[in-house]
Amino acid sequence: MSCSLQSLRRANLLLCLGLFLHCAEARVHTEVQAGPLYRVVDSLLSITCNVSGFTDADAEKEFEFRLKKPGTSLEINVISTHKQDFSYSMFSSRVRSKEVTLTHVSPNSVVFKIERLLKGDEGEYDCTAVNIEEDYNGIYSVQTTVNVIDNSLSVSSPATTSLSYNEGDALTLTCQASSNTVQHTHLSLSWYLHKDGEAEAQPIISLNRDFTLSPGQGFEGRYQAGLIRLDKVGEATYKLKMAQLELSDQGRIYCQAQEWIQDPDRSWYSIVQKKAAETTVTVKAREVVPDTSSLLVRISAQQTTLQEGQELSLSCTVDTQNLEEKFFSVAWFRESIKMAEIGPTGILSVGPSYSERSKEGELRAARTGARDYHLKLQPIRTEDQGQYFCRAWPSDRGQDGAFTQRAAQDSSPQLISISATESGLSLSMQSSVSVNKGDSLRLACTVQGVKGLLSVTWQHKASSTATAAFTRVISLSQEGVMEKAEEFMSRKIRATRPAADSFTLEFDEVTLADSGVYQCTVSEWKTDKTKTNSQSQTATVTVDPTDKFVKVSLVSRKSAVALGESVELMCRVKGPRVPITLTWSLQRDSSSNPDTILTLYSNGGISWFGDESTYQLRVENKNNEVVHYLLINGASQRESGSYQCSVSVFRENVYKKLPPSNQLALSVQNPVSKLAVTTALSLTSDVNTDVEIKCSVITETSPSSRYAVTWLLQEGAENKTIISSDRDALITFGPQVEQSLRQRISMRRAKGPSFELTIRRAEVSDKGSYICQVVEWIQAPRGEWYQLSQVFRTTKITVTEPVSKLAVTSTPTLTSDINTDVEIKCSVTSETPASSRYAVTWLLQQGAENKTIISSDRDALITFGPQVEQSLRQRISMKRTKGPSFELTIRQTQISDKGSYICEVVEWLQDPRGEWYQLSQVSETTEIILIEPANDLRLEKIEQRLTTSEGNEVEVTCNIISGATSPSFFYKVSWFYTGPGSSVTNTLVELDHTGLLSYLESEGLRGLQRRLRLSRPTQNSFYLGIQRAHEEDSGTYKCRVEQYQLDRDGQWQQRASEDGGPTTLTVNLAGKNLSVLKEAKELNRSTSQDFTIPCHITKQSSNESEFQVTWFWQKETGNKQSPIFTAYRNSTLEDKSGNAVQLRFSHALPNQFSLMVIKPNPEHRGLYYCEVEEWLQSLSHGWRKVAVETSGNLTVHVYAEGRANAHSEPPCRSGMWIGIFVAFVICTIVAVAMVVVKIFHNKGKKSEPSLWAEQPLNPKPSAED
């Protein structure tokens, strides 16, 4: 096989196609059942996983399952379809025992199963499809989450294990099913019949998870006829009802529930199922009646062996010919005792032995069909066991509608066995209770051993004899419903259950007729409202009459009280709780009759005869007495005397007055004063501050006491009243108090109570001993005021004038240069009060004389000293800052400003009358030293030489080596220029000491001056920058620096001048550095193959160079060289071949040019090369040709198609093909990178004509080029 250009093109196409497919959408896709999946412990877990997109879809794929448990990042190997030892130890035994399996259902799908889930199987399962191909393209691993939850499904049915029915009877079974799963689930429930001899049970009827009913196979007709039903009662009860049993219904019947959950894919999954215990149902065939006169009576019991408290259900069936035309009476008997009978018209009558149980609802009987009669007894007792039978009487109806019974027919006996249950129910009551007539009665019945719901019935009989019958009083059902007997409807009685183990009977008011025996009967019930057990207990109640049991007595805790004190009298009424009327009376002295205070009636009404505001009533009920309290509020002398209470009893609609209580004497005495006050013994205060004297009451006789307070000032032997406040808080000044003092003193009462005298802006004359006189007043209950006592307390007041604490500080010495600003600070470090004001004076000490410069009085008014000249006044200022601090500023200092500056500070205070007075004066001195800097200006004199290329930026420096440190010096800088070979020096630019920049007019230097830039990067350096240097900028540059300083008159004076060393600048044009690749090559081409003539520039003189490239052709050696194509530097192209050949120009990179000859013929053979001209633009001379170089020769041989193959194509080897392919890829990457570099390099350049062949070619270069 031979290598050719066509083979290379096909390889490029395959490479692009591979890259395209690699970037396309993923091909392999793995799917797993969506999670999270909720499954129950010990149930089956099944997860499907499939893969698609493999090249070979029919090949069996391998899968692996892993588990990541919650809270960990570790993956556990579970099972694999192709690795036997894949499983970790915790799963390996379960995999071996087939408890964990992974099975193929198709070549691309598997099912992962765990037969019995454990709690530890919870986590994130990863299904991985093993890649069987060389490359990876898609999703090979997917995850789903499995949550393992507990089994909370509960299914149960009543404990009945076997039932017996006759053919045609009705059957009802109950099933309880519920779940406590946190997740949202649905339940389905089915009833099944498992017949004897059959392997599988068949469904009777089902309630699906979406609450739809469906009958089982074989039961559809009876379901549609309404003979089979499934009813849901409440939240968890499901009842199966079969109206007419058939012989085929015999077998074991049970219910089964399933719990369903909806997975994320919206499908429903059964997570758990349970079934209840089976109930064996026996169905007996119906007997056939032989003739019309025969009567067949049958008895049947659902259960023949029962426990005490269960329900006995007896069915009695009567069968004869023409049954619908006849009447019957049917009765049930236990042994020979008649239980109940249903007459021909359907009326029920109960035998005397079962009448009470029928009233309690324990016995029920009814006709349920044309031939069916049912009796139920619950709860049954052990004494109910024995032989039961049914008796039926045919009855004939006469003309008058009366029935005549004919011969009776008995059924065969049915033995019922009843065993006692181990019930722990027991009752206890107090055997006897005594209560007074009219009192309340409460009987308690305590229950123990409770297992179910309880109800209670209270009964009563007047006599304790055994023959007396109980009558119902009240009952409380197991649901908490209370029901009174008819004769007690008007009585206030109630039955309650205050605790789980206690029942009570309460009478609000008993009568004599309520005496007798009370019986508490407690019954135990199941949740399905069936009674299981009953127990009774009795108690004897005796009601005593109320006559001669009421006693009245009067007592008090105090017989003597202080005036205004409250006292409480207690009238105790002992005896039965009967309506009474109570009267309070007061006898003030022995010679007067008692005065009635008030009367309290039995209905709560009160009649007042005394002062209602003085008395209050309160009643307290105790166990065996009622206490009536009479509260006397704020007793006064008017409440002194003998008190008495009397009672009248309302009995049998008549008030009977009882003997009054004993008399109780009460005396009211004036209180003893407890007044005590306290004040400070002495107080010291400064002048012009407020003085506050506090006189506080620390103990008082009564919280209602009032006080009259007087403040006195002791002057010598007499006391002068300053201010006083009576008990009504009316304030008055003493007659000797001056008007000025009245404006400064005040008095107020504060909490405590406390009485405060305030003297504002105290003066020295206010000192002395101040006496606080307090008089206590008490108000009698009727409004009279009287004085108890008075107390005195003295406080000595000392008023002192302030001592000056003024202190100031300043800097002892300040040194500065002349012509700079100096600031002297004088700070107050301590002051007497915060309200002080200051007068400040600055003085200058020169020699023995102190000259006032500037001063500020206490009102901050600033004045200059009389000897201060106008020029100095313009340079000095004074200000006050926070602290306080006083600052003197001297601007542009001069030698004459040196000396000692004294800061004098005077502190002023204001007295209470508003007059200012001086306290003290302090001063601080600051020595000012001014230095005149020496004139030592020197510049760097070293001669420098700078060489640069045209277009670069040049910077000439001028450095001060001494004399530039003082801030008082300012500088003028001048730059000079001398051209090469010239003796004339020109001034380029000046920057004077005031910052003014100026250029000296010079026509020849204007272009240079526009490109100058001045800077002073440091205090000692001046720079002259030349932007885009021209060749004409060559020459010598020199700087001159002049030093200036302000004199005392504010005039600029030149202090020094110095020239810097010269700097010679040489600006060169760019040199020749062009180089073109000169590699000689030979090419063999056929007429169908293109060839390219490269022109590669390896070096160039400047990055700004532009190139003009011309390609030449020489047919044979010695022949004339002919130009065939030129690419000018302005991107203009010219074809010089005369259209004899098709050419294509390419300029892929800035330094690479190429010319392609398309479909050559043999005449185009020969020698080809390129000639490169390098052009640079000079800033002063325009465009100029820098260099010309030619490339190496390319010898091209062009042959006809067949000969070309014979001469030029060597055998193709696989190694050569791989090398060509690798080289092509590398060259493509390098070319793209170089194009990117060129784009970034040319960004920002002026747009030029495009080199692309789509644009028309200019035949000739423009005249400008």
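Residue positions are given per chain, counting from 1 as you read along its sequence in written order. Local features are withheld for residues below a pLDDT of 70 in this predicted model, meaning they are given only at 70 or higher, and side-chain atom pairs are given and counted only at 80 or more; totals for whole chains, interfaces and linings count all residues. As a rule here, side-chain values cover all heavy atoms of the structure and leave hydrogens and water aside.

## Thoughts on the packing of aromatic side chains
Inclusion rule: Aromatic pairing here means that ring centres of Phe, Tyr or Trp (its six-membered ring) are within 6.5 Å. Orientation follows from the plane angle: under 30 degrees is stacked, over 60 is edge-to-face, and everything else is tilted. Secondary structure elements are defined from DSSP: runs of H or I of at least 4 residues count as helices, runs of E of at least 2 residues count as strands, and each element is numbered from the N terminus. Buried means the residue's accessible area, taken with a 1.4 Å probe over protein chains only, is under 20% of the maximum for its type, while exposed means over 50%, and partly exposed covers the values in between.
Taken as a whole, this structure holds 19 aromatic pairs when the rule is applied. Ring geometry for Phe 65 and Phe 112: centres 4.6 Å apart, planes at 10°, overall stacked. Linking Phe 65 in strand β4 (residues 63-68) with Phe 112 in strand β7 (residues 109-114), this pair joins segments that are 47 residues apart in sequence. On the basis of relative accessibility, which here comes to 0%, the residue Phe 65 falls in the buried class. The buried category is assigned to Phe 112, whose relative accessible area is 0%. An angle of 15° between the planes, with centres 5.5 Å apart, marks the rings of Tyr 192 and Tyr 254 as stacked.

## As for unusual backbone geometry
Going from Gly 35 to Pro 36, the amide bond is cis rather than trans, its omega being 0°. Tracing the chain through its elements places Pro 36 in the loop between β1 (29-32) and β2 (37-40). Pro 753 follows Gly 752 through a cis peptide bond whose omega is -5°. Tracing the chain through its elements places Pro 753 in the loop between β60 (745-750) and β61 (754-759). The backbone of Ala 860 sits at a positive phi, close to 70°, despite the residue not being glycine.

## Some remarks on the confidence of the model for the protein chain
For clarity, the threshold we go by: pLDDT: the predictor's confidence for each residue, scored from 0 to 100. We call two residues in contact when some of their heavy atoms are within 4.5 Å.
In the predicted model, the protein chain carries a mean pLDDT of 83, and 90% of its residues have values of at least 70. Throughout residues 1-11 the model reports pLDDT below 50, and contacts reaching past four residues in sequence, or to other chains, amount to 14 contacts.

## Notes on the pairing of strand β25 (residues 337-342)
Spelled out, the test is: Here the rule is simple: two strands pair whenever DSSP picks up at least two bridges between them.
Bridge count between strand β24 (residues 327-334) and β25: five bridges; the pairing is antiparallel. Residue pairing across strands places Ala 331 opposite Glu 341, the latter belonging to β25. Two successive antiparallel strands, β24 and β25, enclose a turn made up of two residues, where Glu 335 displays a positive phi of approximately 55°. Where β25 lies against strand β26 (residues 348-350), three bridges are found, and the strand directions are antiparallel. Paired with Glu 341 across the strands is Ser 349, a residue of β26.

## Focus on the nonpolar core
As a reminder, the rule being used: Buried residues of nine kinds, namely Ala, Val, Leu, Ile, Met, Phe, Trp, Tyr and Cys, make up a nonpolar core once their side-chain atoms join them within 4.5 Å.
If you look at the biggest cluster of nonpolar residues, it comprises 32 residues, and the most contacted ones within it are Val 155, Leu 171, Leu 189, Trp 191, Ile 204, Leu 240 and Ile 253. Within the second largest apolar cluster, 31 residues are counted, among which are Val 550, Leu 554, Tyr 643 and Val 649.

## Focus: the side chain of Ser 475
Filter applied, for reference: Pairs of N or O atoms are called polar contacts if they sit within 3.5 Å, as long as, within protein, a hydrogen donor faces a hydrogen acceptor (for residues adjacent in sequence, only side-chain-to-side-chain pairs).
Mapping Ser 475 onto the fold places it in strand β37 (residues 471-476). Among the polar contacts made by the side chain of Ser 475, one reaches the side chain of Arg 472 at a distance of 3.3 Å. Sequence-distant contacts of Ser 475, that is, excluding residues within four places in its chain, are made with Val 456, Thr 457, Val 481, Met 482 and Glu 483.

## Considerations on the environment of Tyr 917
Locating Tyr 917 in the fold gives a position in strand β73 (residues 916-931). Spatially, the C-alpha atom of Tyr 917 lies 99 Å from that of Ala 1231, the residues being 314 residues apart in sequence. Those residues in contact with Tyr 917, other than ones at most four positions away along the chain, are Pro 802, Glu 907, Trp 908, Leu 909, Gln 910 and Asp 911.

## Some details on the pattern of salt bridges
Using the following cut-off: Criterion for a salt bridge: a side-chain nitrogen of Lys or Arg within 4 Å of a carboxyl oxygen of Asp or Glu.
Tallied over the full model, the rule gives 49 salt bridges. Ionic pairing is found between Asp 514 and Arg 491, a salt bridge with its closest N-O pair at 2.6 Å. With Asp 514 in the loop between β40 (502-507) and β41 (516-525) and Arg 491 in the loop between β38 (482-484) and β39 (493-499), this residue pair connects regions lying 23 residues apart in the sequence. Judged by its relative accessible area of 4%, Asp 514 is buried.

## Some words on the sheet that holds β1
Filter applied, for reference: Every axis in this analysis is a line fitted to C-alpha atoms, fitted for helices over the stretch in contact. Angles between the N-to-C directions lie between 0 and 180 degrees.
Strand order in the open sheet formed by four strands is β1-β3-β7-β6, and the pairing between neighbours is antiparallel. The sheet is open, and its two edges are formed by β1 and β6 (100-106), each paired on a single side. In this sheet, neighbouring strand axes are inclined to one another by 20° on average, regardless of whether the strands run parallel or antiparallel. In this sheet, β7 lies alongside β6 in antiparallel orientation, the contact comprising six bridges. When the sheet's bridge partners are listed, Thr 103 is paired in β7 with Val 111.

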